[in-house]
Amino acid sequence: MGSPNGRGSHGRTHPHLRSQGNWLRRLIFSFALLGFLAGALLALLVSSPSLLSGIQTQVAQMTQGLMPEPSVPVVEQTRFQAKAQAAGLSAPPPVELAELPPFALHPSASLSYVPSIMYHDVVAGAKDVWFDTTVTELRQHFESIQAAGVTPISMEQLYQHLRNGAPLPDKAILLTFDDAYLGLYDNAFPLLKEFNYPAAYFVQTGFVGVPTSKDHFTWDQMREMDASGLVEFGGHTINHPSDLRQVDDAQLERELVESKRKLEEELGHGIPDFAYTTGHRDERVKAAVAAAGYRMSFTMDRGFTGQSANLLEVRRFDQFRIQEAILGAQTFADARATTYPLNPLHRLDYREESLSQVRTLTIRGGRPATVHAERRFDLGALLNRYQAPAGINGSFFAIPFINSASNVMIGPAMAANTRTFIPGRPEDNSAIVGRPLVLFGRDRISFLPFDPDTMNSLEDIQQIMPDVTDLFVGGLWVVKNGEPLSRTQLESFRLSSAWEFRPRAFFGVDQDGLAVIGATSTHVDAPILSQVLVEAGIQEAVLLDSGFSTSLIKDGEILATGHSAQGQPSRPVPHAILLYDLAELQERDPSQPEISKLELMASLLLPEVEVPARAALEQILAGQGILRQGDRGAAVMAIQMGLTRIAASQGRTDLLQSGPDGVYGNEVALAVVELGFGDEGATLATEIDDQTLQRILDGFQLAPPAALVDPQVPRIVQDPAHKPLSKSMTSRLATR
């Protein structure tokens, strides 16, 4: 065991072994005695087999439960561990290895979003280098933390949370400062005392009290800050190598072990935590950090601590992302998302309001669902295809060319019409970290900061919301927890178009627990929109694709458009959010038998061609299981592709025009090959003219529409008069 000053104790040499001759004589005598006893014991056992068996049984009983379980590996002590132990350095608390691997995060840690912020020097005047922080800036950061209800915590609290799942305040944050600058004593420490905020200082011991291009605080100043109870100190090597991966084993060992021992000796207590210089590390460096006795080490990788790979690679935001960190800070015991229960039985309610001279149009109520189409369509076509009374253009999509047909979304997406999870592309994900990920459940909606490492697969998402039906990534938050976002917070999302004045589209939840789709016909930027939506009683809202994409439609009427002409459809989009009136869906007569799509279409054909036509139509519909699924939208598309192919086989050059659902015949004609349409097409094509083809397609519209949502509500929903929602309620509802 190490002494408080870090010096190990050493045993004294036994006086009887000081002479080498005495030592050799005693060794020879011991071997002779052991040989004699072994021979005697062997002779006794050979002469008495029963005695041998009894000894074996007793040994087995005595050792039962004492030997390690085979599943727990015995790790050989490394040279780094031996060195650290010999130096008497403090070690992290013992952990049940059979339950949790070394340096693994507790499973519940990933359910929270606890940011750690990294600062360097804090200066009173002008900055010496770009990563300095002025006193004015740090005060503004602390005031933002205070205003947002975020609570700074200690490294000990963070460790207990990450390792053991210990609870934290509702919104927790860790403040860290690197490099022992004197400004951390002169300028940062007074602010920490003023706000009563704890913080962690990572110190390179060779720089303490030593002036370089910047001055550094002294050991006495460190002891003063340490005694305040506000500042915890951590290791940061001796000489601050620019890259620990490039130093040899001897130097790496010295930088880690000796700096830790020096800190413990000067401060009189253990130093369990470390920060990599410039964030660089590899497996060798991490092993050396662990061997030196550190329990937790911090990187410069952007992200929340609970989404770190392990305790040796804890993430940190730099100070320039303070607003992103504050906005995303959430600590829940049961869920990692802000979740709002919906009242889906509320009839759709259209509101037109003028708030702060901004004309705002919203549709509230019902049950929302998203559509991710196979290409881009105007919103009216998508509403018609999926028979929804109201809808709005959806979230952001890749747009290399305005006239492109690409349907690629920015970030992961899953929609009710496809029921297929599509992960976000790596090149997009790196740019949208922290943007709002929106999840739909059957009667709730969740909003949480997007983290590509833990939210880019369906399995990850289902850990958050097991019954997720739809998801997409919004451009930015415009309202969060009933509060408008400041310009600084909006800037943290790095969405350049947020500052342009244009018609805006948004999705959210209001204070009555109603889903909201809405748009402005007034040209506004994101900060103005944020203020206006709070006035409109919106509790949570995210920005959708805006400008020429802006489109809000109800009952076939274009209420808002991104174009100057009110009745002009907006730019085609591949993604849309629809609202269904569940009360209306439930009022439909369930006893009315559904018309067979196949029978309906076949009945429109001439009697002499009905048999071959039926075979062809059945192949089109049932070949992909569309008829069995009852998916009207996909069925309409399939039949139009098939009929277009028939028209092409007739030698027509004017292929079918866009049908009522918006599918363009010219662009999908070749796709019918994938449906397996074969020789029957040639027979059918000789008997059917273009008028008959159009009659078939028009007649198909008589089939009962298929909604994308279940009209039933299986359990009691939240009282719509309840506002605003409490965090404890949302946390419990998220796991129902």
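Placed above this text is the structure.
Conventions used here
- Residues numbered from 1 in each chain as written.
- Predicted model: local features only at pLDDT ≥ 70, side-chain atom pairs only at ≥ 80, totals over all residues.
- Heavy atoms only, no water.
- Salt bridge = Lys/Arg side-chain N within 4 Å of Asp/Glu carboxyl O.
- Helix = DSSP H or I, 4+ residues; strand = E, 2+ residues; numbered from the N terminus.
- Buried < 20%, exposed > 50% of the residue type's maximum accessible area, 1.4 Å probe, protein only.
- Pairing = 2+ DSSP bridges.
- Axes fitted to C-alpha atoms, helices over the stretch in contact; angles between N-to-C directions.
- Phe/Tyr/Trp six-rings, centres within 6.5 Å; stacked < 30°, edge-to-face > 60°.
- Lys NZ or Arg CZ within 6 Å of the ring centre and 35° of its normal.

**Section: the pattern of salt bridges**
Counting across every chain of the model gives 37 salt bridges. Notably, a salt bridge pairs Asp220 with Arg223, separated by 2.8 Å at the nearest N-O pair. Of the two residues, Asp220 and Arg223 are both situated in helix 7 (residues 219–227); the distance of three residues between them amounts to about one turn of the helix. In this structure, Lys286 engages Glu283 in a salt bridge whose closest nitrogen and oxygen atoms are separated by 2.8 Å. In this pair, Lys286 and Glu283 both sit in helix 9 (residues 283–291), three residues apart, roughly one turn of the helix. Classification of Glu283 as exposed rests on a relative accessible area of 59%.

**Looking at the sheet that holds strand 16 (residues 436–440)**
Working definition: the strands of a sheet are paired by backbone hydrogen bonds and lie parallel or antiparallel to each other. Read from one edge of the open sheet, four strands run 11-17-16-18, paired in antiparallel fashion. With one partner strand each, in any of the chains shown, strand 11 (338–341) and strand 18 (470–473) form the two edges of the open sheet. Averaged over neighbouring strand pairs, the angle between their axes works out to 15° when direction is ignored. Examined bridge by bridge, strand 16 and strand 18 share four bridges and lie antiparallel to one another. Bridge pairing in strand 18 places Val438 opposite Phe472.

**Remarks on the pairing of strand 15 (residues 390–393)**
Of the strand pairs in this sheet, strand 15 and strand 24 (residues 551–554) are connected by three bridges, and their pairing is antiparallel. Residue pairing for strand 24: Ala390 is matched across the bridge by Lys554.

**What to know about the packing of aromatic side chains**
Under the counting rule described, the total for this entry stands at 21 aromatic pairs. Between Phe440 and Phe507, the aromatic rings sit 5.3 Å apart at their centres with planes inclined by 40°, giving tilted as the arrangement. Placement of Phe440 in strand 16 and of Phe507 in strand 21 (residues 505–510) is noted, with a sequence separation of 67 residues between them. Each member of the pair, Phe440 as well as Phe507, is classed as buried. On the numbers, 6.3 Å between centres and 70° between planes, the contact of Phe472 with Phe507 is edge-to-face. On the criterion of sequence distance, the pair formed by Phe472 in strand 18 and Phe507 in strand 21 is long-range, its members being 35 residues apart. Phe507 shares its class with Phe472; the two are buried. An aromatic cluster is built from Tyr119, Phe177, Tyr201, Phe217 and Phe233, whose rings are joined through pairwise contacts. Stacked on the ring of Tyr294, the Lys or Arg Lys260 has its end atom at 5.4 Å from the ring centre. Between Arg295 and the ring centre of Tyr159, over which it is positioned, the NZ or CZ distance is 4.2 Å.

**Structural notes on unusual backbone geometry**
One non-glycine residue with positive phi stands out, namely Phe103, at about 65°. Tracing the backbone through its elements, the reader meets Phe103 in the loop between helix 3 (79–86) and strand 1 (116–119). Not every positive phi belongs to a glycine, and Ala180 is a case in point at roughly 60°. With respect to the secondary-structure elements, Ala180 resides in the loop between strand 5 (172–178) and helix 6 (183–195).

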